[in-house]
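Here is what each chain is made of, one letter per residue.
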Amino acid sequence: MKISKIEITQFRHLTNLNFDFGKVITVIAGGNGTGKTSLLGLIGHIFRYGNLSKNLFNERYETKYSSVFRFSVAHDLTGSYQYKIIFADGSEKEAKLRVITNTNGTIRHRIDVGGRVRHGGKITKPVIFLSLKRLLPLAQESLQNIKIGLQTLTSTQEQEYSDLYNEVFSSLETISPIHTKSNNKNSFSPTTGNFDAHGISAGQDNIGHLILALLSFKHLKQSDPGNYNGGLLLIDELDATLYPASQINLLKILLRLGRELDLQIVFTTHSSDILNFLNSRNGSAFKHHTNFVSLSNSSGTVTARQGFSELTNLLADLNHAAVRTIRPKKINYYFEDYEAMCFYKGIIEGEDFSCENDFKNMSISCGTYKTLIDNGFEEFYKSVVVLDGDFSTTMGETDLNSIVLLPGAVRPENVIADFLRSLPPEDPFWNNTYQYTKRVFLNNINGVRDDRDAMKRWFNDQLPYWGQDGANLFNRWKELNPDEANKIIERTRAVTTRILENFYELATN
């Protein structure tokens, strides 16, 4: 069950705060003291997966609020703290704070989920919360409290661990994950022939925890397929201890495995490297699977704004600097072939989409487009991709893609041939300076095989008789098919508007 939204009525300094979740990734960013970590605790507290299944940390798949924050006896006296999680199917789960005064005068705090039913109100969903405790170095632990090698991974898990580690750090090392347990940690540390668990850096240790969390969900999906229905991974300060390139590599892994394992991954950050990457054209593939939430207390109370357009304001807020956006000056348009480009240009002629149109006269098959789009090739998320109408059953127009479908259910040259056949001999179109009459059309189409190559040759042979760039023909088609023409124009406008709102660069004033 996918989380759709969280609504906080009140929780400490968070009042009337709400935001949506991304399909795979939700980025919560903001300065110190804006409640980022508290939000992770509130989200995770709603879920548990039962007592039997344990992750590779040898812990239950659940997150208790007491693992994230503690209530203050002096300040958290109110019983009005409440919030709710809303799911994609419209269902809701509410949680409220209950303050209990024991007979001895001590005060206890409990967040009840779905009423006063111990665990009974929680949603069955595996959750892992990675707190900042994962960053504590072993050097600060008492040596006698550190245990090495109590557990093992399978050979497949060890190889996956090594591959992911090398992907993050762009390395080719042979990594052996070794179980390491102390008072504060229970994980698998990445070791090599040159360093062991005691010698790894905080960044290496951090990545070990992140990898183990991902492998835990993969293990659960494989071992309990009947009950597994996705999971929730919560990460406090994803970027901590990691250098910029490794942060970006890690983001790409989270998106890929998040989709593969049906995870919703929520992480906090105030890394300008991550924010600038998501804000750049190179990060465009994330925008269709990610929601960005910006928290700010610059005006006194904490406010939440969402959507990638808010990255600009947040970067300014974090850096205490003014920034401006540079919108694209032009948008690329891609087609399956020249004939499709001619037809499409004729349909949108005279329309203003607030940006220069750069039509690419190149032939790429619909199958190739589908492969590139499915694999997240970012160029086709920031460009208009015009496909023949016969491609509609394979890949249609959605809010998340840049596809515009031409009219009809056949190739554009066939659509035009059928249109000309439908025009009576007295139609105004046949009254032209080229003496291109219905009889001439029928004579020229007669004997042309109904296959791709023959119809393309016919189209290009006839194009000079249809007016400059076929304008006479395409204008007449628009006059007689206004609904179809408007549908294509408005779809183009929706795509170009999305591109202009989401793809931009930053420059300091």
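Now for a description of the structure that goes with this document. These numbers come from a predicted model, not from an experiment.

## A look at the overall build of the protein
(1) Moving on: Helices and strands together make up the secondary structure of the protein, namely 13 helices and 22 strands.
(2) Moving on: Across its three principal directions, the C-alpha atoms of the protein cover 100 × 55 × 50 Å.
(3) Moving on: Every one of the 509 residues in the protein was classed for burial, and the buried ones make up 52%.
(4) Moving on: Restricting to contacts in the protein with at least 6 residues of sequence separation, those with at least 24 account for 68%.
(5) Moving on: Accessible surface computed for the protein: about 23500 Å², of which carbon and sulfur atoms make up 46%.
(6) Moving on: Charge-centre separation for the protein: the mean point of 55 positive side chains lies 8 Å from the mean point of 56 negative side chains.

## Focus: the nonpolar core
(1) Moving on: Within the largest apolar cluster, 54 residues are counted, with the highest numbers of intra-cluster contacts made by Ile 25, Ile 207, Leu 233, Ile 235, Leu 238, Leu 251 and Leu 278.
(2) Moving on: When residues in this core are grouped by element, the largest group, nine residues, is from helix α3 (residues 202-223).
(3) Moving on: Ignoring any residue separated from it by four or fewer positions in sequence, one finds Leu 251 in contact with Ile 25, Leu 238, Phe 267, Ile 274, Phe 277, Leu 278 and Phe 286.

## Description of the environment of Asn 229
(1) Moving on: Along the polypeptide, Asn 229 turns up in the loop between α3 and β13 (231-235).
(2) Moving on: Residue classification places Asn 229 among the partly exposed positions, given a relative accessible area of 49%.
(3) Moving on: Not counting residues up to four positions away in its chain, the partners in contact with Asn 229 are Met 1, Lys 125 and Asp 262.

## Thoughts on the packing of helix α10 (residues 438-445) against helix α11 (residues 452-462)
(1) Moving on: It is at 11 Å that the axes of α10 and α11 come closest, and there the two elements cross at 150°. α10 and α11 meet at a crossing whose hand is right-handed. Facing Phe 441, Asn 444 and Ile 445 of α10, the residues of α11 in contact are Met 455, Trp 458 and Gln 462.
(2) Moving on: Considering only residue class, the contact of α10 with α11 consists of four nonpolar, two polar and no charged.

## So, the packing of helix α7 (residues 338-348) against helix α13 (residues 482-502)
(1) Moving on: Closest axis-to-axis distance for the α7/α13 pair is 9 Å, and the angle between their directions is 90°. Viewed along their axes, α7 and α13 adopt a mutual orientation that is roughly perpendicular. Side by side, α7 and α13 meet where Tyr 344, Ile 347 and Ile 348 of the first sit next to Ala 485, Ile 488, Ile 489 and Thr 492 of the second.
(2) Moving on: Taken together, the residues of the contact of α7 with α13 break down into six nonpolar, one polar and no charged.

## Some thoughts on the pattern of salt bridges
(1) Moving on: Summed over all chains, the structure comprises 24 salt bridges.
(2) Moving on: Arg 48 is the partner of Glu 62 in a salt bridge, and the nearest nitrogen-oxygen pair spans 3.6 Å. Note that Glu 62 is positioned in the loop between β4 (47-48) and β5 (82-87) and Arg 48 in strand β4, a separation of 14 residues in sequence. Of the two residues examined, Glu 62 and Arg 48, each falls in the buried class.
(3) Moving on: Among the ionic contacts, a cluster of salt bridges with common partners joins Asp 337, Glu 339, Arg 411, Glu 413, Asp 450, Arg 452 and Lys 456.

## Focus: unusual backbone geometry
(1) Moving on: Phi angles above zero are rare outside glycine, and Asn 16 is one such case at about 50°.
(2) Moving on: As for its position among the elements, Asn 16 is in strand β2 (residues 14-20).
(3) Moving on: Residue class for Asn 16 comes out exposed when judged on its relative accessible area of 60%.

## Some details on the packing of aromatic side chains
(1) Moving on: Summed over the entire model, instances satisfying the criterion amount to 24 aromatic pairs.
(2) Moving on: Here Tyr 369 and Phe 380 contribute two aromatic rings whose centre-to-centre distance is 5.4 Å and whose plane-to-plane angle is 80°, an arrangement assigned as edge-to-face. Of the two residues, Tyr 369 sits in helix α8 (residues 366-374) while Phe 380 sits in the loop between α8 and β20 (384-387), which places them 11 residues apart along the sequence.
(3) Moving on: The buried category is assigned to Tyr 369, whose relative accessible area is 0%.
(4) Moving on: The rings of Phe 429, Trp 430, Tyr 436, Phe 441, Trp 458, Phe 459, Tyr 465 and Trp 466 are connected pair by pair, giving a single aromatic cluster.

## Overview of the pairing of strand β14 (residues 263-269)
(1) Moving on: A large share of β14 lies buried, amounting to seven of its seven residues.
(2) Moving on: As defined by bridge partners, strand β3 (residues 25-30) adjoins β14 across five bridges and the pair is classed as parallel. Within β14, the residue paired with Ile 25 across the bridge is Ile 265.
(3) Moving on: Summarising the sheet, β13 and β14 pair through five bridges and their orientation is parallel. Looking at the pairing, Leu 233 lines up with Ile 265 of β14.

## Here we look at the sheet that holds strand β21 (residues 403-405)
(1) Moving on: Spatially, β19-β18-β20-β21 is the arrangement adopted by the four strands of the open sheet, whose pairing is parallel. Of all the strands in the sheet, just β19 (356-359) and β21 have a single pairing partner and so form its edges. Each strand of the sheet is rotated relative to its neighbour by a mean of 30°, with strand direction disregarded.
(2) Moving on: Bridge count between strand β18 (residues 330-335) and β20: three bridges; the pairing is parallel. Directly across from Tyr 334, in β20, lies its bridge partner Val 385.
(3) Moving on: Running at roughly 165° to β19, α7 makes contact with β18, β19, β20 and β21 of the sheet.
(4) Moving on: Each of β18, β20 and β21 is contacted by α13, which is oriented at about 175° to β21, the strand it contacts most.

## Considerations on the sheet that holds β5
Strand-to-strand pairing in sheets goes through backbone hydrogen bonds, with the strands running parallel or antiparallel.
(1) Moving on: In space, the five strands of this open sheet follow the order β2-β1-β5-β6-β7, with antiparallel pairing throughout. Each edge of the open sheet is held by one strand with a lone partner, namely β2 and β7 (107-113). Direction aside, the axes of adjacent strands within the sheet are offset by 10° on average.
(2) Moving on: For strand β1 (residues 3-11) and β5, the ladder comprises six bridges, and the chain directions are antiparallel. Its bridge partner being in β5, Ile 6 is matched across the sheet by Ile 85.
(3) Moving on: The strands touched by helix α1 (residues 36-44) are β1, β2, β5 and β7; relative to β1, the strand with the most contacts, the crossing angle is about 115°.

Rules and cut-offs
Residues numbered from 1 in each chain as written. Predicted model: local features only at pLDDT ≥ 70, side-chain atom pairs only at ≥ 80, totals over all residues. Heavy atoms only, no water. Helix = DSSP H or I, 4+ residues; strand = E, 2+ residues; numbered from the N terminus. Buried < 20%, exposed > 50% of the residue type's maximum accessible area, 1.4 Å probe, protein only. Contact = heavy atoms within 4.5 Å. Areas by Shrake-Rupley, 256 points an atom, 1.4 Å probe, with all protein chains shown as cover. Lys, Arg positive; Asp, Glu negative; His and termini not counted. Charge placed at Lys NZ, Arg CZ, Asp CG, Glu CD. Core = buried A, V, L, I, M, F, W, Y, C linked by side-chain atoms within 4.5 Å. Axes fitted to C-alpha atoms, helices over the stretch in contact; angles between N-to-C directions. Left-handed = near helix turned anticlockwise from the far one by under 90°. Nonpolar A, V, L, I, M, F, W, Y, C, P; charged D, E, K, R; others polar. Parallel < 35°, antiparallel > 145°, perpendicular 65-115°, else oblique. Salt bridge = Lys/Arg side-chain N within 4 Å of Asp/Glu carboxyl O. Phe/Tyr/Trp six-rings, centres within 6.5 Å; stacked < 30°, edge-to-face > 60°. Pairing = 2+ DSSP bridges.

Nothing here speaks to function; it is geometry throughout.
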